[in-house]
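Chain and residue survey
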There are 4 protein chains.
Amino acid sequence: MQLGMVGLGRMGSFMVQRLMRDGHECVVYDAKTESVNDLVGKGAVGSASLEEFVSKLSRPRAVWLMLPAAITDKVIAQITPLLDSDDIIIDGGNSYYHDDIRRGGELTAKGLHYVDVGTSGGVFGLERGYCLMIGGEKPVVDSLSPIFKSLAPGVGNVAPSAHRPDQAGSTAEQGYLHCGPHGAGHFVKMVHNGIEYGLMAAYAEGFNILKRANIGAATHEVDAETAPIANPEHYQYDFNLQDVAEVWRRGSVITSWLLDLTSDALHADPVLGAYAGRVSDSGEGRWTIMAAIDESVPTPVLSAALYSRFSSRDNDEFANKVLSAMRAGFGGHVEKPKA
Amino acid sequence: MQLGMVGLGRMGSFMVQRLMRDGHECVVYDAKTESVNDLVGKGAVGSASLEEFVSKLSRPRAVWLMLPAAITDKVIAQITPLLDSDDIIIDGGNSYYHDDIRRGGELTAKGLHYVDVGTSGGVFGLERGYCLMIGGEKPVVDSLSPIFKSLAPGVGNVAPSAHRPDQAGSTAEQGYLHCGPHGAGHFVKMVHNGIEYGLMAAYAEGFNILKRANIGAATHEVDAETAPIANPEHYQYDFNLQDVAEVWRRGSVITSWLLDLTSDALHADPVLGAYAGRVSDSGEGRWTIMAAIDESVPTPVLSAALYSRFSSRDNDEFANKVLSAMRAGFGGHVEKPKA
Amino acid sequence: MQLGMVGLGRMGSFMVQRLMRDGHECVVYDAKTESVNDLVGKGAVGSASLEEFVSKLSRPRAVWLMLPAAITDKVIAQITPLLDSDDIIIDGGNSYYHDDIRRGGELTAKGLHYVDVGTSGGVFGLERGYCLMIGGEKPVVDSLSPIFKSLAPGVGNVAPSAHRPDQAGSTAEQGYLHCGPHGAGHFVKMVHNGIEYGLMAAYAEGFNILKRANIGAATHEVDAETAPIANPEHYQYDFNLQDVAEVWRRGSVITSWLLDLTSDALHADPVLGAYAGRVSDSGEGRWTIMAAIDESVPTPVLSAALYSRFSSRDNDEFANKVLSAMRAGFGGHVEKPKA
Amino acid sequence: MQLGMVGLGRMGSFMVQRLMRDGHECVVYDAKTESVNDLVGKGAVGSASLEEFVSKLSRPRAVWLMLPAAITDKVIAQITPLLDSDDIIIDGGNSYYHDDIRRGGELTAKGLHYVDVGTSGGVFGLERGYCLMIGGEKPVVDSLSPIFKSLAPGVGNVAPSAHRPDQAGSTAEQGYLHCGPHGAGHFVKMVHNGIEYGLMAAYAEGFNILKRANIGAATHEVDAETAPIANPEHYQYDFNLQDVAEVWRRGSVITSWLLDLTSDALHADPVLGAYAGRVSDSGEGRWTIMAAIDESVPTPVLSAALYSRFSSRDNDEFANKVLSAMRAGFGGHVEKPKA
């Protein structure tokens, strides 16, 4: 079927390419002309403005937005007046599901349809396919099935879940799922990313323990400020992190795609020297915690994972100064200089 | 080659079976006669006492112990006098690596060898193979290679790690790895389990958020003790957790074996009614935190995962009473009854 | 000066009494007639309706609302049409500071003034005075100084802060403070309560450790599911928690009013048998975390304190079932029954 | 009575001075001659060697060690051969209570007595007195009462705990307490310090939130890596942290000595520019977590407080690199440079 794509960054561009492989017709637009031209060269129909873009789509139009969350509302405001009744706007970016609920209401009031799609798969999606979590009215979502089916990974060689009936009544094993009404797609994607933060932090903490397992071999000074290592003989290991990551990929309980990626990175450079360890976060992790708090659900692991990222960017600096000032206050403790 | 196995619980019995499939000769012993008989029926050489067990092994003997951590030392004390110089004791259970270091020293002093093997794979190991993390003297570990190779999963259909050379100099891609000297195997296994706790908790917290995403649909009382839900319209989702788990298994960033198992469990029963939510922990998670603290490595995620298990067993009860008592003290707050 | 008080629960009633002690005239209203009558008996001017209440106040009126956060907006909507230009509405309850900012704008547009006051002191405030954190326009706040001064504790016998000049330019040492524009008072009170959660949890966790310090004296079963206590000789202490709380109140680094209250509670009953340990939370703790996340400030301690309360109400139940289901999945682990 | 003091750092020296004020005779020794001389000038009996020190004490001798935990065992080994039956060694430093239990056994076997004393009060102890938590045999502890009574703060002007009988059967309200057998004193002190870490972190996190409450005033770039601040109008506050700390000292729920110290530090310099925020930890916080884990007591708050200190010293660096490497792996995310 035909799909219009606005926003041709890496994600948008790869999705268009994956769709065209399956024979879909893609009309594309991006503020950067070279991004449009690149896809035209690969078979897409290009457009030089939102007006031209809309004019090249057949009604009812299906317009997929793949934009930074911060500008999605602006583009929706620009394109809405150009659309006709029953046209569909699909937000495949990382919107807050609160915004989906609001947009769903606003666009419905205008006779348009809105579909939110949480998309996981990253830069590997072009080849592996994208896991799609979808929110919106069921008939509208159903009408887009050919698109979702092409973007999704399909059953692949993943073993069936035990106890899952052959006709389970959903497309989940194809890799795309209508999760519920407006916002449901991004809600599930939000929690997906919250979990992702937790998984990543679990591996990161574990490898850090392995990395410092030789700490007993170093000489440590003895003073009133520093607890001596009671048993230095227990920390004399120089682990090969590449090999550890590799062996865990075979038959262990903690096999996962994130471990595969970690193994790749450690094999490229076991000290990860290309990174300073300043870790960004991009919204969903935060929203996950806020939702958990609204629901009174304890999420100590997911929160700790988020906070580790904040601390990696030194946002704990003033708090730490307060601690040092207290210690100086009651104990006369003088800070040791940064190494 | 020949291996003696002491301890024929599920893990020990399955390992013997996997070894015999590859043509190894297994001499077996367990305090429970029926466990011995069962394996004899499958081709193993049985024994009715540790003495008989030792007598049936050729020198240098390789004795694999697969026992609860609490009794391993006792059995080592019993069997050591029966062994001869250069015999090997292998501990495949979940020992604390401190004990491995101690035992390694003690047995070396007696002319024996000690190898610690962390084993991951659970009840699926018979078919999938076991991921083996090994500590001990290199020549001794090398001499046991045929055993490790048969127990491990092998390369299988797991994609090679990017940037890993063909001849990487270790057996990691076969699923077994000599990690370092005495204790190194159980150290790596300990951290493996610490990570496992974190991964499990990340999924558990995420599914809990999804489960309660319909909380806005319920009616809530308004009083000074309870914060009203500001936006009940944001929590009206009835997610199908089976489908969510299933769709995440296809192409998402959070695919993993633990997610596969979660999907299986949710398909068997979406409310997990067979479980009360009282979660055990069996040592490695605790030791991981203790090692992290000794190393001054922050592990907020792994710790939170461990503490969730403690709380699931109501070990936070007195702490919570203290909180309620304080609230009564400064605010006159009266506890709401348990639902 | 004259003040009108709406909402005569424990907090509102005590504040009226404290104000009347200092000679202020208080006009009072509450939906419950007996609450009005009670204060009339103590010298207040009563009223049977909001209309009567407003009519008894001199312009510019000062109307203090002391209501559950959930109904404050409703009462503001009812009373606003009855007020005249330059009248002041003061919210002394536990409002979310977002609501203060909104209300400040709305009431300003109507020619009215809005002041938000975070109030700490609990049921002891009548005698100790209330710590007041105030947001709003400076001249308006200044006009209410006689009220704030009477409600606040005053300098008392608290030692001056080191390095604080005699004329520090604020009323902070009197126990009330204009913190900034609309919402600033409740923002500071929100963080105060967030800190309060953290402090309370620190004591609660500590006393729990002391409580269970005799765990080595009990007999423990040995099985593969349970890590044996390595050193039971280290956990043979039967601490007298009353005495420990009492001794910490003298000269230790952790003296505080919350510790005083804990000591009181433990002396009333060392096992705190009147409490089940189901701990409520009432908004500010949650908002603190949300603000921290918006600001990218790591707050692991304050979050953990909040989550402990969620878990105390068994909101972790489904998460724990997921953990048990996974453990059953990979390890065949069977849940131990709840004790 | 007479007391010998070994270790004349700030703590030891202040304790000697406080004891002499009450008329006790103090024999002192330190490896640094000038420390000895300083106290001789204030009335103490000096000694130039451990031998001389012991010779100047009357039997049964009471020898108080006030040393860094790392060298306490060495000094005990040196002095033990010089002592006679029924002499008492008191460790007032920050020993691990495991070591107390061991030493108690060893010294008892030699006919000596051992008392462990956890000491809180810091540099203010000379004036405020020291809160003393004591472990050991009751008759031995009782024999030292005059010393403990002089070091402790006494009842002072702290209000009595509600419900505490006049004759409560312990000296807790005097500020010293016999907590139980060997190790009990340092166990209680360990938990005291664990709580201290939690309290300190609660304040530090709270002030950090206040500090960054003006983050909405700054301009933020919009890109796919950074979540935009949804409501910058909520973060426009420039709080005066000095005043906030000061006002909280009057009548609020979170008054404490640590808050007093924080207020002092903020008044000295509101940006705490003298500190880099590299926070040490000195043993007891770690041991508290280890004890909690041994007891299966969840301590998320106390652990988070400890980990904040580890992170303040950049011990999370490799973990953060692993996170950045994973993000690069699945999302092509490029690290933003450190500001």
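Model, not experiment: these values are computed from the prediction.

What to know about the interface of chain A and chain B
If you look at the interface, chain A gives 92 residues, while chain B gives 92 residues. Both faces considered, chain A and chain B share a buried interface measuring about 7,800 Å² in area, 66% of it formed by carbon and sulfur atoms. The largest share of the area that chain A buries against chain B comes from Ile209, Arg250 and Val253 of chain A, three residues that together contribute 10% of it. Taken together, chain A and chain B are joined by two salt bridges. A salt bridge links aspartate 243 of chain B to arginine 164 of chain A; the shortest N-O distance between them is 3.1 Å. Put simply, chain A and chain B have 46 residue pairs in polar contact (both at pLDDT 80 or more) between them. Listed by contribution, the elements that provide at least two residues to the side of chain A that touches chain B are helix H5 (97-109), strand S7 (131-135), strand S8 (176-180), helix H9 (184-211), helix H10 (241-248), helix H11 (257-268), helix H12 (284-294) and helix H13 (300-312) of chain A. Sort the elements by how many residues they give to the side of chain A that touches chain B and H9 of chain A lands first, with 17 residues. Of the residues in the side of chain A that touches chain B, the class split is 50 nonpolar, 28 polar and 14 charged.

Re the pairing of strand S4 (residues 62-65) of chain D
Residues and elements named next belong to chain D. Where burial is concerned, the two faces of S4 agree: the one with Ala62 and Trp64 and the one with Val63 and Leu65 are both buried. As paired strands, strand S1 (residues 2-6) and S4 are joined by three bridges and run parallel to one another. What sits directly across from glycine 4, in S4, is valine 63. In this structure, S4 lies alongside strand S5 (residues 88-91), joined through four bridges in parallel fashion.

Comments concerning the domain arrangement of chain A
Residue and element names in this part refer to chain A. Under the domain assignment, chain A is made up of domain 1 (2-155 + 171-182) and domain 2 (189-317). The interface is formed by 11 residues belonging to domain 1 together with eight residues belonging to domain 2. Across the domain 1/domain 2 interface, buried area totals approximately 900 Å², and carbon plus sulfur atoms make up 67% of it. At the surface where domain 1 touches domain 2, the tally comes to four residue pairs in polar contact (both at pLDDT 80 or more). In terms of residue count, the dominant contributor to the side of domain 1 that touches domain 2 is strand S6 (residues 113-120) (three residues). In the side of domain 1 that touches domain 2, the residues fall into four nonpolar, six polar and one charged.

Remarks on the packing of H9 of chain A against H13 of chain A
Relative orientation and spacing of two packed helices are given, respectively, by the angle between their axes and the distance between those axes. Residue and element names in this part refer to chain A. The N-to-C vectors of H9 and H13 enclose an angle of 75°; their axes lie 8 Å apart at closest approach. The angle between H9 and H13 falls in the class roughly perpendicular. Counted together, Gly194, Ile195, Tyr197, Gly198, Met200 and Ala201 of H9 and Val301, Leu302, Ala305, Leu306 and Arg309 of H13 form the full contact between these two elements. Here the residues of the contact of H9 with H13 are counted per class, giving eight nonpolar, two polar and one charged.

Remarks on the relation of the copies chain A and chain B
Note: a rotation about an axis with an accompanying shift along it relates these two copies of the chain. Taken as rigid bodies, chain A and chain B are interconverted by a rotation of 180° and an axial shift of 0.0 Å, the fit giving an RMSD of 0.0 Å. What we have between these two chains is a two-fold relation. Minimal C-alpha distance to the rotation axis in chain A is attained by serine 256 of chain A, lying at 1.9 Å.

A closer look at the packing of aromatic side chains
Scanning the entire structure with this criterion turns up 52 aromatic pairs over all chains. For the ring pair tyrosine 96 of chain B and tryptophan 287 of chain B, a centre distance of 4.6 Å and an interplane angle of 15° mean the geometry is stacked. Of the two residues, tyrosine 96 of chain B is situated in the loop between strand S5 (88-91) and helix H5 (97-109) and tryptophan 287 of chain B in helix H12 (residues 284-294); the sequence distance between them amounts to 191 residues. Using a relative accessible area of 16% as the deciding quantity, one classes tyrosine 96 of chain B as buried. You can call tryptophan 287 of chain B buried: its relative accessible area is 14%. Measuring from centroid to centroid gives 5.7 Å for tyrosine 96 of chain C and tyrosine 97 of chain C, while their planes differ by 90°, and the two rings are edge-to-face. We note that tyrosine 96 of chain C, like tyrosine 97 of chain C, is buried. Through successive ring pairs, a cluster of aromatic residues spans Tyr96, Tyr97, Phe187 and Trp287 of chain A together with Tyr235, Tyr237 and Phe239 of chain B. For arginine 128 of chain A, the ring lying beneath its charged end belongs to tryptophan 257 of chain A, and the centroid distance is 3.7 Å. The ring of phenylalanine 318 of chain C carries the charged tip of lysine 211 of chain B above its face, separated from the ring centre by 4.7 Å.

Comments concerning the relation of the copies chain A and chain D
You can overlay chain A on chain D at an RMSD of 0.0 Å; the transform is a turn of 180° with a shift of 0.0 Å along its axis. In this assembly the copies share their binding face: 100% of the residues contributing to the interface of chain A also contribute to that of chain D.

So, the sheet that holds strand S2 (residues 25-29) of chain B
Two orientations exist for strands paired in a sheet by backbone hydrogen bonds: parallel and antiparallel. Reading across from one edge, S3-S2-S1-S4-S5-S6-S7-S8 (chain B) is the order of the eight strands in this open sheet, with mixed pairing throughout. Bordering the open sheet on either side are strand S3 (45-46) and strand S8 (176-180) of chain B, each of which pairs with just one other strand. Examined bridge by bridge, S5 of chain B and strand S6 (residues 113-120) of chain B share four bridges and lie parallel to one another. Within S6 of chain B, the position partnered with aspartate 91 of chain B by the bridge is aspartate 116 of chain B. Taken strand by strand, H10 of chain A contacts strand S7 (131-135) and S8 of chain B, and its axis lies near 145° from that of S7 of chain B.

Describing the interface of chain A and chain D
Chain A puts 70 residues into the contact, and the matching count from chain D is 70 residues. Where chain A abuts chain D, roughly 6,100 Å² becomes buried across the two surfaces, and 65% of that area is made up of carbon and sulfur atoms. A per-residue breakdown of the area chain A buries against chain D is headed by Arg278, Phe318 and Phe330 of chain A, which together make up 13% of the total. Linking chain A to chain D there are zero salt bridges. On inspection of chain A and its partner chain D, the count reaches six residue pairs in polar contact (both at pLDDT 80 or more).

A closer look at the side chain of serine 120 of chain A
As for its position among the elements, serine 120 of chain A is in strand S6. Of the polar contacts made by the side chain of serine 120 of chain A, one reaches the backbone nitrogen of valine 253 of chain B; its length is 3.0 Å. Excluding anything up to four places from it in sequence, serine 120 of chain A contacts Gly129, Tyr130, Cys131, Met133, Lys189 and His192 of chain A together with Gly251, Ser252 and Val253 of chain B.

Here's the deal with the environment of tyrosine 130 of chain A
Residue and element names in this part refer to chain A. Looking at the secondary structure, you find tyrosine 130 in the loop between helix H6 (125-128) and S7. For tyrosine 130, a relative accessible area of 0% translates into the label buried. Residues tyrosine 130 and glycine 185 lie 55 residues apart in sequence; the distance between their C-alpha atoms is 13 Å. Beyond its immediate stretch of four places on either side in the chain, tyrosine 130 contacts Met11, Phe14, Met15, Arg18, Thr119, Ser120, Gly122, Gly125, Leu151, Ala152, Pro153 and Gly175. A polar contact is formed between the side chain of tyrosine 130 and the backbone nitrogen of leucine 126, at a distance of 3.5 Å.

The rules behind these values
Residues numbered from 1 in each chain as written. Chains lettered and ligands numbered in written order. Predicted model: local features only at pLDDT ≥ 70, side-chain atom pairs only at ≥ 80, totals over all residues. Heavy atoms only, no water. Contact = heavy atoms within 4.5 Å. Buried area = accessible area lost by both parts, 1.4 Å probe. Salt bridge = Lys/Arg side-chain N within 4 Å of Asp/Glu carboxyl O. Polar contact = N/O pair within 3.5 Å; in protein donor to acceptor, adjacent residues only side chain to side chain. Helix = DSSP H or I, 4+ residues; strand = E, 2+ residues; numbered from the N terminus. Nonpolar A, V, L, I, M, F, W, Y, C, P; charged D, E, K, R; others polar. Buried < 20%, exposed > 50% of the residue type's maximum accessible area, 1.4 Å probe, protein only. Pairing = 2+ DSSP bridges. Domains from an automatic or database assignment. Axes fitted to C-alpha atoms, helices over the stretch in contact; angles between N-to-C directions. Parallel < 35°, antiparallel > 145°, perpendicular 65-115°, else oblique. Least-squares fit on C-alpha atoms with pLDDT ≥ 70 in both. Phe/Tyr/Trp six-rings, centres within 6.5 Å; stacked < 30°, edge-to-face > 60°. Lys NZ or Arg CZ within 6 Å of the ring centre and 35° of its normal.

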